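Report on the structure
Letter by letter, the chains look like this.
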Amino acid sequence: MNSNELPLPPLEGEERLAYLSLALVPGIGPGRLRALLSACGSAGGARAAPFAFLRTIPDVGPALATAIQRVRLATAEQVLDDLQRLGGELLLPGDPRFPQSLSPVTPPPLALFAAGKLDFLARPAVAIVGSRDHSRYGAEVCEALAGGAAAAGLVVVSGMARGLDAVAHRAALAVDGGTIGVLGNGLGVVYPAANRQLYGSVEQHGLLLSELPPGERPHAGAFPKRNRLIAGLARVTVVIEAAVGSGALITANEALDLGRDVMAVPGPVTSPTSVGANQLLRDGAIAVLELDDLLLRYPEIRPGVGVTGLPLPDPSSPQGKVLALLNSGPRQADELAATLRLPTGQVLAVLGVMEIQGMVSQRPGMVFGLAKAKFAAARTIDD
């Protein structure tokens, strides 16, 4: 067990409100909160404890003791009201749906605010992160890798930032796959503003997750803290492109601290955006050269599924519609987009994923046709 972990039973009613009100006290942290709960017996007991008694608890100074005495349940009630208005849910460490993969994270989150499909928290996940100022090469690799991973059944986790984070989320959504966007701000705040449409799509079809209360703006230190959650949610962290000192490398280091696998995509040695990924490879990270390099890290997904073992896609999905059109012969990407009434960029993203999975092949002139590979129903190791 992590020394800072909060092994809480499920909390209900006023005790749940009392815990949340304490968790919202600035600077309290898991260590102090655990000491409070241990000394006072409950969150409600901590709220009612005399100032003199609070001062006897290790690491509880005058300022914190005063802040605890000023805690009001109304503050927590307002947070829950805001959360409900946004269609979100509160997850506490003792809740059955609280992700156990975050238990070893330091410091562990005191509470999580979520909006979307909570079942994604229980599925195998991969973190895919990279540069905000990426190259075309980085975007193409990210689209193919994130889309392929999502189509194979993995949940793609990233940070909802501009650049490759956004590319990873969109690629997962394009194949009707799962994705989790970990925010550096509270629910209801779209940051960066350019990601407003993506925010709505992830909220509707994926999951948005934050440890900050609804409506809280991003601030200094919020994004490095967010990065530890991205690494904690995933079994493997993949770095596509990353400059020295980037947030993607912070996420990779958090994953290494947790004992999780870190993978990286090699890039040109002359490219500033590939310096960090190439250094990771030099220092022992696992190279990603094809989708199966990643999928082999997930024994519940049959090795080789990324090339020859994919199930036929749902006919109503973008992939299924593309396959149906290509059954009659090769077509240009623009023609496919016009027929499907979808943006050309989205169709190209779908085609890129299908190409790396071996479903389609590209020919000169942006013409795509069915690949020769045969597809069988996907099987798990347990079948």
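Look up a bit, the structure's there.
About the criteria used
Residues numbered from 1 in each chain as written. Predicted model: local features only at pLDDT ≥ 70, side-chain atom pairs only at ≥ 80, totals over all residues. Heavy atoms only, no water. Salt bridge = Lys/Arg side-chain N within 4 Å of Asp/Glu carboxyl O. Buried < 20%, exposed > 50% of the residue type's maximum accessible area, 1.4 Å probe, protein only. Helix = DSSP H or I, 4+ residues; strand = E, 2+ residues; numbered from the N terminus. Pairing = 2+ DSSP bridges. Right-handed = clockwise from strand over helix to strand, strands pointing away.

Turning to the pattern of salt bridges, a few remarks are in order. Within the structure shown, the criterion is met by ten salt bridges. Of the charged contacts in the structure, one is a salt bridge between Arg 97 and Glu 89, with a shortest N-O distance of 2.7 Å. For Arg 97, a relative accessible area of 46% corresponds to the partly exposed category. A salt bridge links Glu 140 to Arg 136; the shortest N-O distance between them is 3.2 Å. Residue Glu 140 and its partner Arg 136 are located together in helix 7 (residues 136-151), separated by four residues, close to a single helical turn. On the basis of relative accessible area, Glu 140 is assigned to the partly exposed category, the value being 44%. On the accessibility criterion, Arg 136 (68% relative accessible area) is exposed.

On strand 4 (residues 155-158), burial covers both faces: Val 155 and Val 157 on one face and Val 156 and Ser 158 on the other are all buried. Here strand 3 (residues 125-129) runs beside strand 4; their pairing, made up of three bridges, is parallel. Note that in strand 4 the partner of Ala 125 across the bridge is Val 155. Traced from strand 3 through helix 7 to strand 4, the parallel crossover comes out right-handed. One ladder, built from three bridges, connects strand 4 with strand 5 (residues 179-182); its direction is parallel. The residue bridging Val 157 from the neighbouring strand is Ile 180, located in strand 5.

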